[in-house]
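Coordinates in review
Given next are the chains, with one letter for each unit.
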Amino acid sequence: DISCVGRCSLTVALPVISSVGLECSILPTAILSTHTGGFTGYTFLDFTDEMKKVSKHWLELNRKFDAIYTGFLGSTEQVSVVCDITNAFKDNNIIIVDPAMADNGELYKIFNSEFPNEMKKLCLLGDVIIPNITEACLLTGYTYQKDNHSDEYLMGLINALKNEGMKNIVLTGVSKKEGRIGALCYNNKTKETYYYDE
C-alpha cells in the first residue's frame, strides 16, 4: 500500500530496493491518508479492481519477474487476487510474503477474524515468509507472548509455522533481552536457525 503519512509500506520499500540497483515493478493495493497504527479517521482507497487490470496487462506483455514481494493487503479479496497473481507469474522466481496484518498481540482493526486464515493461503505460496511474532501466532494459533522470548518459545513458534506448511521463515519482533529487538531466521534446506538483534 501507499501510506501518504508514515514511514512504512511502499514509500519505504521502493527506495530501499531500488538503491541496490534492482528495477521494481509496483502493484499498489491501496492508498491511505496515513498508516493504520496510531492514527484514526484515515482514508482508504481500495485498488483491488485496478490490481486485476494491471496484472492482466503485465500478462499480455509477457512480463517476467525474478522475485515477487508482497506486503499489506487490505481485504480477503485482495489476498485472493494476490494469490492468483503470484500463481500467474510464478516462473523460476522467489516469492517473499510479509503477512502484514497485526502487531502487539492484535489484528489490525481494518481486518475481521477470518483474515489470518486467508493470509495463510498466500504464505503457503511463499518461499520465504516474514511474519512478526503476532502474525506468526495468528497464522498458527500459537499463544502470543509480548517479549522475553525464550529459545523454547521461539522454536515452538517456528515449528508451528513449519507444521502449517511454511518453508523459510524470518520471524521479526523477537525480543530475547530487554531493550533489544531482532529476527530469528529458519532455513528449510539446512534446517538451521540464525538470530540477529541490535
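What comes next is a walk through the structure. (Residues numbered from 1 in each chain as written. Predicted model: local features only at pLDDT ≥ 70, side-chain atom pairs only at ≥ 80, totals over all residues. Heavy atoms only, no water.)

Re helix α3 (residues 76–89)
Quick reminder of the rule: Numbering of helices and strands runs from the N terminus, with a helix taken as a DSSP run of H or I at least four residues long and a strand as a DSSP run of E at least two residues long. Here the expected length of a helix is defined as 1.5 Å per residue gap, with one fewer gap than residues. Relative accessibility under 20% of the residue-type maximum defines a buried residue, over 50% an exposed one, and the middle range a partly exposed one, all with a 1.4 Å probe and only protein chains included. By the convention used here, residues are in contact when the closest approach between their heavy atoms is within 4.5 Å.
With 14 residues, α3 extends 20 Å from end C-alpha to end C-alpha; this agrees with the ideal 20 Å at 1.5 Å per step. All buried positions along α3 are accounted for by Gln 78, Val 79, Val 81, Val 82, Cys 83, Ile 85, Thr 86 and Phe 89. Looking at the packing, one finds that the buried side of α3 touches β3 (44–46), α2 (48–60), β4 (67–70), β5 (94–97) and α4 (115–123).

A closer look at the nonpolar core
Note on soluble globular proteins: their nonpolar side chains tend to be buried together. Quick note on the threshold: Definition of nonpolar core: a set of buried residues of the types Ala, Val, Leu, Ile, Met, Phe, Trp, Tyr and Cys, connected through side-chain atoms within 4.5 Å.
Judged by nonpolar contacts, the single largest core of 39 residues is most densely connected at Met 119, Leu 122, Ile 133, Ile 169 and Leu 171. If you list the elements that add at least two residues to this core, you get α2, α3, β5, α4, α5 (133–140), α6 (151–163), β9 (168–174) and β10 (182–187). Broken down by element, the residue count for this core peaks at six residues, all from α3. What Ile 169 contacts, discounting residues up to four positions off in sequence, is Ile 129, Pro 131, Ile 158, Leu 161, Lys 162, Leu 184, Cys 185 and Tyr 186.

Quick notes on the sheet that holds β3
Test applied: In this scheme, strands are said to pair when DSSP sees at least two bridges between them.
Overall, mixed pairing links the three strands, which are arranged β1-β2-β3 in an open sheet. Sheet topology places β1 (2–3) and β3 at the edges, where each strand pairs with a single neighbour. Pairing of strand β2 (residues 30–32) with β3, which is carried by three bridges, proceeds in the antiparallel orientation. Looking at the pairing, Ile 31 lines up with Leu 45 of β3.

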